[in-house]
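Observations on the three-dimensional arrangement
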Amino acid sequence: TIRWTGTTTQAMSAMLARTASRAHKAVGLFRSLNSAANAATSQALPAATVSMTGSGARSEGLGYKVAATAGLSAFALAGLTTVAYSDEAEHGLHPAKMPWGHSGLFSSFDHASIRRGYQVYKEVCSTCHSLEQIAFRNFVGVTHTEEEAKLMAEDIEVMDGPNDEGEMFERPGKLSDYLPKPYPNEQAARFANGGAYPPDLSLITKARHDGQNYVFSLLLGYKEPPAGISVREGLHYNPYFPGGAIAMPKMLQNEGVEYEDGTPATESQMAKDVTTFLSWAAEPEHDERKLLGAKMIFVLSCLLFASVYYKRWKWAPLKSRRVVVDVVN
């Protein structure tokens, strides 16, 4: 059982691009079908008129027109289905909506899930993917205590310098250091992964359309390719990935990690936890922003009530007074 307790311009651009692509394909298909219908009808009606006269000609011509329209309608339906399938293959299967606990107006992240998600990232994902925007200090007060974060930072060696002699040196990590990269540069990453470049995951849930659901579905979407679809060597079939073929193999396996809090490490649980962690990594200020918003709503509500009360208190005597005009004197 999954515990659902306690989310940018690039995503919007991708969504608009996909919508425009679908509309362009549909418009082109309908234009071609309309031209075909007109041509078929113009060819059928003269032939029917020559062979028959009077009401018989009109009936025969109408029959040809109905038959042509019905046939082209069926062809249009098949064509639109083809457009839908080709669009799905090009952009990937749209993920299902999941009930994320932190998606509510005043909901916060499940910090226990964030901690478990970091463990999944560290033991599974960090071998290929970087997280360049997150420093060890970001964990303090969220998933770990200050002492725990310091111990995690000290486990890595950071190149620093130069020293007084002008030489670079290695030192233990500090809270201000960012999480280490698995590769020194893009060329090394591509060489180690057969030409594929593992993206940085700091903003992955913001950089992909419907990011959280996309990441969750992608991690659990690996399957054997259906009949008629072949995937070249070195790639793996995943319908949620654009094109359906992804270089990353399936990384999540049941009991692949051993959670510190004893939570059963099923595939779906690990996918949910690491997605929650990546959502937090994309906006670490999420909880503070919502808390500040709640405070501002409360303060503005009080100011609105005070303003309405002061307005009524100030204007009530003026609006309710009676003015008597003495026309005699």
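Anything mentioned here points back to the structure above.
Read on for an overview of the structure. (Residues numbered from 1 in each chain as written. Predicted model: local features only at pLDDT ≥ 70, side-chain atom pairs only at ≥ 80, totals over all residues. Heavy atoms only, no water.)

**A look at the overall build of the chain**
In plain terms, the rule: The secondary structure listing takes helices from DSSP runs of H or I that are at least 4 residues long and strands from runs of E that are at least 2 residues long, numbered from the N terminus. Only protein chains enter the calculation, and the probe is 1.4 Å; a residue is then buried if its accessible area is under 20% of its type maximum, exposed if over 50%, and partly exposed in between. The protein chains shown are the only cover counted for residues, whose accessible areas, like all others here, come from Shrake-Rupley with a 1.4 Å probe.
Summing up its helical and strand segments, the chain has nine helices and four strands in all. When the helices and strands of the chain are listed from N to C terminus, the series reads α-α-α-α-β-β-α-α-α-β-β-α-α. When the 329 residues of the chain are sorted by exposure, 30% land in the buried category. Element-wise, carbon and sulfur atoms account for 60% of the exposed surface of the chain, whose accessible area totals about 20900 Å².

**Digging into helix 7 (residues 211-220)**
This is how the line gets drawn: Two residues form a contact once any of their heavy atoms are found within 4.5 Å.
Counting buried positions along helix 7 yields nine of ten residues, so the element is predominantly enclosed. When we look at burial in helix 7, the residues that qualify are Gly211, Gln212, Asn213, Tyr214, Val215, Phe216, Ser217, Leu218 and Leu219. Packing partners of the buried residues in helix 7 comprise helix 6 (204-207), strand 4 (245-246) and helix 8 (267-282).

**Some points on the packing of aromatic side chains**
Where we set the bar: Geometry of aromatic contacts follows a simple scheme: Phe, Tyr and Trp rings, the Trp one being its six-membered ring, pair when their centres are within 6.5 Å, and the pair is stacked under 30 degrees between planes, edge-to-face over 60, tilted otherwise.
Under the definition given, this model contains seven aromatic pairs. Relative to Phe139, the ring of Tyr118 lies with its centre 4.6 Å away and its plane at 50°, an arrangement referred to as tilted. Here Tyr118 is found in helix 3 (residues 111-123), whereas its partner Phe139 is found in the loop between helix 3 and helix 4 (146-154), with 21 residues between them in sequence. The same class applies to Tyr118 as to Phe139, namely buried. Of the aromatic side chains, those joined through ring pairs into one cluster are Tyr118, Tyr121, Phe139, Phe277 and Trp280.

**Considering the nonpolar core**
To keep things clear, this is the line we draw: Here, nonpolar core means buried Ala, Val, Leu, Ile, Met, Phe, Trp, Tyr and Cys residues that are tied together by side-chain atoms lying within 4.5 Å of each other.
In this structure, Tyr121, Phe136, Phe139 and Phe277 are the most contacted members of the largest nonpolar core, which totals 40 residues. Of all the elements in the fold, those that place two or more residues in this core are helix 3, helix 4, helix 7 and helix 8. The biggest single contributor to this core is helix 8, with seven residues. Residues contacting Phe139, with those up to four places away along its chain left out, are Tyr118, Ile134, His144, Met152, Leu179, Phe277 and Trp280.

**Here we look at the state of the cysteines**
Rules: Two cysteine sulfurs form a disulfide in these notes if their separation is within 2.5 Å.
A complete count under the given rule lists zero disulfides for this structure. Here Cys125 stays free of any disulfide, with the sulfur of Cys128 as its closest cysteine sulfur at 9.1 Å.

**Some points on the packing of helix 3 against helix 8**
Note the threshold: All axes here are fitted lines through C-alpha atoms, helices being fitted over the stretch that makes contact, and every angle between N-to-C directions spans 0 to 180 degrees. For classification, angles of less than 35 degrees are called roughly parallel, those exceeding 145 degrees roughly antiparallel, those between 65 and 115 degrees roughly perpendicular, and all remaining angles oblique. Note on residue categories: nonpolar means Ala, Val, Leu, Ile, Met, Phe, Trp, Tyr, Cys or Pro, charged means Asp, Glu, Lys or Arg, and polar means any other residue, Gly included.
In contact at an axis separation of 7 Å, helix 3 and helix 8 are set at 100° when each is read in the N-to-C sense. When the axis of helix 3 is compared with that of helix 8, the two are roughly perpendicular. For the pair helix 3 and helix 8, the contacting residues are Ser113, Ile114, Arg116, Gly117, Tyr118, Val120 and Tyr121 in the first and Gln269, Met270, Lys272, Asp273, Val274, Thr276, Phe277 and Trp280 in the second. Of the residues that constitute the contact of helix 3 with helix 8, the class distribution is eight nonpolar, four polar and three charged.

**Notes on helix 8**
Note the cut-off: By this rule, a helix spans an expected 1.5 Å times one less than how many residues it contains.
A rise of 1.5 Å per residue sets the reference length of helix 8, with its 16 residues, at 22 Å; its end C-alpha atoms lie 22 Å apart and thus fit the reference within 8%. Extensive coverage of helix 8 is indicated by the burial of 15 of its 16 residues.

**Structural notes on the pattern of salt bridges**
Test applied: When a carboxyl oxygen of Asp or Glu is within 4 Å of a side-chain nitrogen of Lys or Arg, the pair counts as a salt bridge.
Counted under the stated rule, the structure contains 13 salt bridges. The shortest N-O distance in the salt bridge between Glu132 and Lys181 comes to 3.6 Å. Separated by 49 residues along the polypeptide, Glu132 in the loop between helix 3 and helix 4 and Lys181 in the loop between strand 2 (169-172) and helix 5 (186-192) bring together distant segments of the chain. Here Glu132 falls in the partly exposed class, since its relative accessible area comes to 34%. A relative accessible area of 52% means that Lys181 is categorised as exposed. Here Arg190 ties to Glu186 by a salt bridge, and the two come within 2.9 Å at their closest N and O atoms. Placement of both Arg190 and Glu186 in helix 5 is noted, with a separation of four residues, approximately one turn of the helix. You can call Arg190 partly exposed: its relative accessible area is 35%. For Glu186, a relative accessible area of 34% translates into the label partly exposed.

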